[in-house]
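Residues per chain are reported as follows:
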Amino acid sequence: EEIGLNLRSLQLYCTLLTDIGAAALGQHCPKLHTLMAEGTRLGDQGLAALAAGCGPSLKNIILEGTRISDQGIAQLASHSRRLNKIMLGYTRVRSPGISAIAQHCKQLHTLGVWQVSVDPSLQQELRARGVRLVK
């Protein structure tokens, strides 16, 4: 049996996690529900592959200080509709990515947007749904 099959939570701070590593997580860790990948080299391709593989089980994801943008977040949102918490501070994500989250992630309750430019009307929409914006 592979070790990754039962992995549910993973914390990676300031590591060399790349798109290749994230794709491997997506392929081998289908039960992953919490990923903290702060200060890593994770980009859009890796996030898309991660979401395609373990997106249905993901509930919490912290991507602060990564290389992701609106493209990667759109893929995450479309595959990971059960997300409760997403932290995106210090990324390249802007309003289009936040809009994808609002559209697909209906169970979201916390969204971290430090140093992320989000349209005020989109912020208002999320707050009206009960989403706590952390700035």
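Going by the structure above, here's the rest.
Residues numbered from 1 in each chain as written. Predicted model: local features only at pLDDT ≥ 70, side-chain atom pairs only at ≥ 80, totals over all residues. Heavy atoms only, no water.

Chemist: Break down the overall build of the protein chain for me, citing the residues and quoting the values.
Modeler: Per the secondary structure count, the protein chain includes five helices and six strands. Going from the N terminus to the C terminus, the protein chain shows its helices and strands as β-α-β-α-β-α-β-α-β-α-β. Taken along the three principal axes of its C-alpha coordinates, the protein chain extends 50 × 25 × 20 Å. With 135 residues in all, the protein chain has 49% of them scored as buried. Long-range pairs, those at least 24 residues apart, make up 64% of the contacts in the protein chain between residues at least 6 apart in sequence. Taken as a whole, the protein chain presents about 6,600 Å² of accessible surface, with 51% of it coming from carbon and sulfur. Distance between charge centres in the protein chain, computed from 15 positive and 9 negative side chains, equals 6 Å. (Helix = DSSP H or I, 4+ residues; strand = E, 2+ residues; numbered from the N terminus. Buried < 20%, exposed > 50% of the residue type's maximum accessible area, 1.4 Å probe, protein only. Contact = heavy atoms within 4.5 Å. Areas by Shrake-Rupley, 256 points an atom, 1.4 Å probe, with all protein chains shown as cover. Lys, Arg positive; Asp, Glu negative; His and termini not counted. Charge placed at Lys NZ, Arg CZ, Asp CG, Glu CD.)

Chemist: A description of unusual backbone geometry should follow, citing residues and the corresponding values.
Modeler: Residues other than glycine seldom take positive phi values, yet Cys14 does so here, at roughly 50°. Within the element layout of this structure, Cys14 appears in the loop between β1 (9-13) and α1 (19-28). Residues other than glycine seldom take positive phi values, yet Gln115 does so here, at roughly 55°. Mapped onto the secondary structure, Gln115 falls in the loop between β5 (110-112) and α5 (120-128).

Chemist: Break down helix α3 (residues 70-79) for me, with residues and values.
Modeler: Those residues of α3 that sit buried are Gly72, Ile73, Leu76 and Ala77. Down the axis of α3, the smallest arc covering the buried residues is 135°, so these residues share one side. Of the surrounding secondary structure, the elements contacted by the buried residues of α3 are α2 (44-54), β3 (60-62) and α4 (95-104). (Arc of directions from axis to C-beta.)

Chemist: Could you give an account of the pairing of strand β2 (residues 34-38), with specific residues and numbers?
Modeler: The element β2 is extensively covered by neighbouring structure, given that four of its five residues are classed as buried. In this structure, β1 lies alongside β2, joined through five bridges in parallel fashion. When the sheet's bridge partners are listed, Ser9 is paired in β2 with Thr34. Relative to β3, β2 is paired through three bridges, and the arrangement is parallel. If you follow Leu35 over to β3, its bridge partner there is Ile61. Since β2 and β3 lie parallel, the crossover through α2 that links them has a hand, and here it is right-handed. (Pairing = 2+ DSSP bridges. Right-handed = clockwise from strand over helix to strand, strands pointing away.)

Chemist: Could you give an account of the state of the cysteines, naming the residues involved and the relevant values?
Modeler: One pass over the full model with this rule turns up zero disulfides. Free cysteine: Cys54, not disulfide-bonded; nearest cysteine sulfur from Cys29 at 6.8 Å. Accessibility expressed as a relative area gives 0% for Cys54, which makes it buried. The thiol of Cys105 is not disulfide-bonded; the next cysteine sulfur, from Cys54, is found 14 Å away. The exposure class assigned to Cys105 is buried, which follows from its relative accessible area of 0%. (Disulfide = S-S within 2.5 Å.)

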